[in-house]
Amino acid sequence: MTQKRLSQEDWLAAGFRTLAQGGPSALRAEAIARDLKTTKGSFYWHFKDLGAFKTAMLALWKHQATDAIITDLQNLPAGQDPLLTLITIASHSPTRFGGAAVEPAIREWARADPNAEAALVEVDTQRIAFLHDHLRTSEHEDATKARLFYAAHLGLEQLARTRGDSGEAERQLLLSLLRPDKAG
């Protein structure tokens, strides 16, 4: 029985799981290779070094957790509410890439790594701008509401880790407070 050849995405997914479980200090080629039951040689086939691996992780995170979601939300069928859809998307993270624990782990990583910090600032800025633009088109022009919604989402993610629930009911309530015209 031959072992499946690992792809760059396999390595990145393992990196996110490692980050979520052990934090940024656990991002080491040998440890991730052990988790994947392979050698470091496979790692270096895909990545020049650990720095290139971390850069690729941050790029993939920025794309999957922000760019791709915003694109999907902008292409929703007419009548489908982007913020309601965002609530659903934001509370379900793919376990292959570390699940809900990845975002807090990246925020922790950003405290000590300037590249992770720059990626986080870029993502937060882009996410808040998207929310602000959407709230403005919904006749809510106050940028503070976009930051409030985003901050509440981040806080609810933290609570979900300790409470064991998704926080979706709280997100729905927050959305109804921000957009009383859409309240059910």
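In what follows, the structure referred to is the one given above.
Caption draft 1: Representation of the overall build of the protein. On a plain count of helices and strands, the protein comes out with nine helices and zero strands. Secondary structure of the protein in N-to-C order comes out as α-α-α-α-α-α-α-α-α. Taking all 184 residues of the protein together, 42% fall into the buried category. If you take every contact in the protein between residues at least 6 apart in sequence, the share linking residues at least 24 apart comes to 65%. Taken as a whole, the protein presents about 10,400 Å² of accessible surface, with 55% of it coming from carbon and sulfur.

Caption draft 2: Quick peek at the nonpolar core. Core analysis: the biggest nonpolar cluster contains 32 residues, and Trp11, Phe16, Phe53, Met57, Trp61 and Trp109 have the highest contact counts within it. Put simply, the parts of the chain that give this core at least two residues each are α1 (8-22), α2 (29-36), α4 (50-74), α6 (102-110) and α7 (114-137). No other element matches the seven residues that α1 contributes to this core. Not counting residues within four places of it along the chain, the set of residues in contact with Phe53 comprises Trp11, Leu12, Gly15, Leu27, Ile32, Phe43 and Phe47. Counting residues in each nonpolar core, the second largest holds 14 residues, with Leu86, Phe130, Ala146 and Leu174 among its members.

Caption draft 3: Examining the environment of Ala26 more closely. The topology assignment puts Ala26 in the loop between α1 and α2. Between the C-alpha atom of Ala26 and that of Gly15, which follows or precedes it by 11 residues, the distance is 8.9 Å. In this structure, Ala26 is in contact with Thr18 and Ala31, ignoring residues within four places of it in sequence.

Caption draft 4: Layout of the side chain of Arg127. Turning to its location among the elements, Arg127 is positioned in helix α7. Residue classification places Arg127 among the buried positions, given a relative accessible area of 13%. Looking at Arg127, its side chain comes within polar contact range of the side chain of Thr66, at 3.2 Å. Residues within four places of Arg127 in sequence aside, it is in contact with Trp61, Ala65, Thr66, Glu103, Arg107 and Tyr150.

Caption draft 5: Main features of unusual backbone geometry. Phi at Lys37 takes a positive value of approximately 60 degrees, unusual for a residue other than glycine. Structurally, Lys37 is set in the loop between α2 and α3 (40-46). With relative accessibility at 68%, the residue Lys37 sits in the exposed group.

Caption draft 6: Spotlight on α6. With eight of nine residues buried, α6 is to be regarded as a mostly interior element. All of the buried residues along α6 are Val102, Glu103, Pro104, Ala105, Ile106, Arg107, Trp109 and Ala110.

Caption draft 7: Region of interest: the environment of Ala33. Here Ala33 is to be found in helix α2. Residue Ala33 is classed as buried on the basis of its relative accessible area, which comes to 1%. Separated by 18 residues in sequence, Ala33 and Gly15 place their C-alpha atoms 9.7 Å apart. Ignoring any residue separated from it by four or fewer positions in sequence, one finds Ala33 in contact with Trp11, Thr38, Thr39 and Lys40.

Caption draft 8: A look at the pattern of salt bridges. The full count for this structure, using the stated rule, is six salt bridges. Across the pair Glu30 and Arg34 runs a salt bridge whose closest N-O atoms are separated by 3.6 Å. Taken together, the residues Glu30 and Arg34, both in helix α2 and four residues apart, mark about one turn of the helix. Of the residues examined, Glu30 reaches a relative accessible area of 47% and is grouped as partly exposed. Several salt bridges converge on common partners, so that one network encompasses Glu103, Arg107, Asp124 and Arg127.

The rules behind each value
Residues numbered from 1 in each chain as written. Predicted model: local features only at pLDDT ≥ 70, side-chain atom pairs only at ≥ 80, totals over all residues. Heavy atoms only, no water. Helix = DSSP H or I, 4+ residues; strand = E, 2+ residues; numbered from the N terminus. Buried < 20%, exposed > 50% of the residue type's maximum accessible area, 1.4 Å probe, protein only. Contact = heavy atoms within 4.5 Å. Areas by Shrake-Rupley, 256 points an atom, 1.4 Å probe, with all protein chains shown as cover. Core = buried A, V, L, I, M, F, W, Y, C linked by side-chain atoms within 4.5 Å. Polar contact = N/O pair within 3.5 Å; in protein donor to acceptor, adjacent residues only side chain to side chain. Salt bridge = Lys/Arg side-chain N within 4 Å of Asp/Glu carboxyl O.

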